[in-house]
Amino acid sequence: MALKVLMAPLRYVQGPDALLQMGGQLQVLGIKNPLILVSPSAKKAVGSTIARGLDAVGIAYGFIDFGGHCTWKEIERVKNACLQGKHDAIVSCGGGKTIDTGRCAATGPAMNVEKTPPEVFERFGAGVACINVPTVAATDASTSAVSLVYTEKGTLEATMVFPTNPTMVFVDTAVIAKSPVRLLVAGMGDALATYFEADMTYRTSSISVQTRAQSTRTAQALARLCFDILMDYGVQAKAEAEAQVPGPGIEAVAEANVLLSGLGFESGGLCACHAVGHAFLHIPEHFKGTPPFHGELVAFGTLNQLVMEGRKPDFLDKIFAFCRAVGLPTTFAGLTLRDLTDEALEKVALVAARDILMQSMTGARSERDEQGRFYDHLEIVNALKATDAYGRAFDGRRPCT
Ligand SMILES: [Zn+2]
């Protein structure tokens, strides 16, 4: 029987004004001299609060500004600063790229899975504790054990997978409440996929690409909780974010977006929501401006997976209504796509059909066919068109309350 694996950060801390108490939480972990990697906007927003929180308990620390991109060069620079300053942790404070860089610079062993076979590094980062402080709740990346490394020009160069999750994930919900509303909503889109992908992976007895194992009942329950929180508190959280108030909605949704979504995807598995959502990035010329955020693409990918699953209209209505209510895209137009052709949709569908994540989908092939596909991409094209059609009809039929 296949093994079941659950992976998770060592410690998760969350609360309004939590940053003021970070010193105490670092002391619990025995950290005495952290290096704080901070993006310029995060430094402005929370730099002095972090300093106050550490000064309060007499912890020594150093700051290093994030250069803006997670590249080999930037990782090396942060790692060297960590080693030279004899720091025992890297605290990464900012958005996804800052956190990805800090995770690489901190964590010892690593594997680049973009290479076949994967490239193994026995000593990659500085080998110190990895502490992630997301200042936005736009994705679940801060909880995970993966970093994406890009070239200076912005193309994906490496997907670094680490054997361990962060030592601590630290979320100050007062900071999240003041972050851009669209980012919190995008995080809900990423979190919306979690349950449906974990559930599909479980139903088809597939494995999670992260754990290389089947999922536990625990991971399934966490993924379901993630979904329930979004349904219960998603709309409320958006209203609070618009008012910049860290109320109960933000408190609940931050946990869903950052923690539960992260645990659910790593230990539960990914599927068509991510494969299809991400595939849209292969037709950048069809976006009106900058492509949508990860979570926005994944939200549409989720609707598409539900259509592919043949879910009944009652259920589809519930999820389409949620997306409309919080402002996640339900149509091609909502994704800011324009001049879409069958050729472009076929390109998206073919990229998705070849994605290893599609292997977990019901009806998928267990091996690639001669075109490298796990799934008939023309069926995905139909599902994409059907999803867009449902979204457009839904807009007219039942405006959301
Ligand atoms: Zn995601």
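Residues numbered from 1 in each chain as written. Predicted model: local features only at pLDDT ≥ 70, side-chain atom pairs only at ≥ 80, totals over all residues. Heavy atoms only, no water.

### A short note on unusual backbone geometry
Along the chain, Thr116 connects to Pro117 via a cis peptide bond; the corresponding omega equals -5°. Relative to the assigned elements, Pro117 resides in the loop between strand 5 (110-112) and strand 6 (119-121). For Ser205, which is not glycine, the phi torsion reads 50° and is therefore positive. Of note, Ser205 is situated in the loop between helix 6 (181-203) and helix 7 (217-243). By relative accessible area, Ser205 is classed as partly exposed at 49%. At Thr336, a position not held by glycine, the phi torsion is positive, near 65°. Note that Thr336 resides in the loop between helix 11 (313-326) and helix 12 (342-354). (Helix = DSSP H or I, 4+ residues; strand = E, 2+ residues; numbered from the N terminus. Buried < 20%, exposed > 50% of the residue type's maximum accessible area, 1.4 Å probe, protein only.)

### Here's the deal with the sheet that holds strand 9 (residues 156-161)
Consider a sheet: its strands pair through backbone hydrogen bonds, and that pairing is either parallel or antiparallel. Taking strand neighbours across the sheet as the criterion, the 4 strands line up as 6-5-9-8 in an open arrangement whose pairing is antiparallel. Both outer strands of the open sheet, strand 6 and strand 8 (146-150), are each paired with one neighbouring strand and no more. Taking each pair of neighbouring strands and ignoring which way they run, the sheet shows an average axis angle of 25°. Here strand 8 runs beside strand 9; their pairing, made up of 5 bridges, is antiparallel. Counted as the bridge partner of Tyr150 is Leu156 from strand 9. Against the sheet, helix 4 (residues 96-106) makes contact with strand 8 and strand 9, and its axis sits at roughly 105° relative to strand 8, the strand it touches most. (Pairing = 2+ DSSP bridges. Axes fitted to C-alpha atoms, helices over the stretch in contact; angles between N-to-C directions. Contact = heavy atoms within 4.5 Å.)

### A closer look at the pattern of salt bridges
Pairs can form between side chains of opposite charge once their charged atoms are near each other. By the definition in use, this model includes 14 salt bridges. The partner of Arg373 in a salt bridge is Asp369, with the nearest N and O atoms 2.8 Å apart. Exposure remark for Arg373: the relative accessible area of 12% places this residue in the buried category. The exposure class assigned to Asp369 is buried, which follows from its relative accessible area of 10%. (Salt bridge = Lys/Arg side-chain N within 4 Å of Asp/Glu carboxyl O.)

### Looking at the packing of helix 6 against helix 9 (residues 272-279)
Between helix 6 and helix 9, the shortest axis-to-axis distance is 9 Å and the interhelical angle comes to 140°. Considering the angle they form, helix 6 stands oblique to helix 9. Residues Asp190, Ala193 and Glu197 of helix 6 lie in contact with helix 9, whose contacting residues are Ala272, Cys273 and His274. Tallied by class, residues from the contact of helix 6 with helix 9 come to 3 nonpolar, 1 polar and 2 charged. (Parallel < 35°, antiparallel > 145°, perpendicular 65-115°, else oblique. Nonpolar A, V, L, I, M, F, W, Y, C, P; charged D, E, K, R; others polar.)

### Focus: the packing of aromatic side chains
Counting across every chain of the model gives 12 aromatic pairs. Ring plane angle 45° and centroid distance 5.6 Å describe the contact between Phe300 and Phe332, whose orientation is recorded as tilted. Here Phe332 lies in the loop between helix 11 and helix 12 and Phe300 lies in helix 10 (residues 294-308), a separation of 32 residues in the sequence. In textbook terms, an aromatic cluster arises when at least three aromatic residues are bridged by ring pairs, as seen for Tyr195, Phe196, Phe227 and Phe315. (Phe/Tyr/Trp six-rings, centres within 6.5 Å; stacked < 30°, edge-to-face > 60°.)

### Some details on the coordination of the zinc ion
Bound to the zinc ion on the protein side are Asp190 (OD), His274 (NE2) and His294 (NE2), at distances that span 2.1 Å. Between the donor residues of the zinc ion, the gaps in sequence give the motif D-x83-H-x19-H. Of the two residues, Asp190 is situated in helix 6 and His274 in helix 9; the sequence distance between them amounts to 84 residues. An identical accessibility class is assigned to Asp190 and His274; each is buried. (Donors = N, O, S within 2.8 Å, 3.2 Å for Na, K, Ca; no water.)

### Observations regarding the pairing of strand 2 (residues 34-38)
Of all 5 residues that make up strand 2, 5 are buried, and the element is covered over most of its length. Residues Pro34, Ile36 and Val38 of strand 2 are buried on one face, and the alternating residues Leu35 and Leu37, pointing to the opposite face, are buried as well. Relative to strand 3 (residues 62-65), strand 2 runs parallel, the two being bridged by 4 bridges. The residue of strand 3 that forms the bridge with Leu37 is Ile64. Once the chain exits strand 2 it traverses helix 2 (residues 40-55) before rejoining the sheet at strand 3, and the crossover so formed is right-handed. (Right-handed = clockwise from strand over helix to strand, strands pointing away.)

### Points about the side chain of Ser261
Along the chain, Ser261 turns up in helix 8 (residues 248-268). Side chain to side chain, Ser261 and Asp140 meet in a polar contact 2.6 Å long. Once residues within four sequence positions are removed from consideration, Ser261 is found in contact with Asp140, Asp190, Ala191, Thr194, Cys226 and Ala256. (Polar contact = N/O pair within 3.5 Å; in protein donor to acceptor, adjacent residues only side chain to side chain.)

### Re the domain arrangement of the chain
Split by domain assignment, the chain resolves into domain 1 (11-176) and domain 2 (180-397). The centre of domain 1, based on its C-alpha atoms, is set 27 Å off from the matching centre of domain 2. Listed per partner, the contact involves 22 residues of domain 1 and 21 residues of domain 2. Across the interface of domain 1 and domain 2, roughly 1700 Å² is buried in total on both sides, 62% from carbon and sulfur atoms. Applying the counting rule to domain 1 against domain 2 returns 0 salt bridges. Inspection of the region where domain 1 meets domain 2 yields 10 residue pairs in polar contact (both at pLDDT 80 or more). Of all the elements in the fold, those that place two or more residues in the side of domain 1 that touches domain 2 are strand 1 (11-15), strand 10 (168-172) and helix 5 (173-178). Across the side of domain 1 that touches domain 2, the residue classes break down as 13 nonpolar, 8 polar and 1 charged. (Domains from an automatic or database assignment. Buried area = accessible area lost by both parts, 1.4 Å probe.)

### Thoughts on the side chain of Ser144
By secondary structure assignment, the location of Ser144 is in the loop between strand 7 (129-134) and strand 8. Only 3.0 Å separates the side chain of Ser144 from the backbone oxygen of Ala141, close enough to count as a polar contact. For Ser144, the side chain forms a polar contact with the main-chain nitrogen of Val146, separated by 3.4 Å. In contact with Ser144, other than residues within four places in its own chain, are Arg103, Asn165, Pro166, Phe265 and Glu266.

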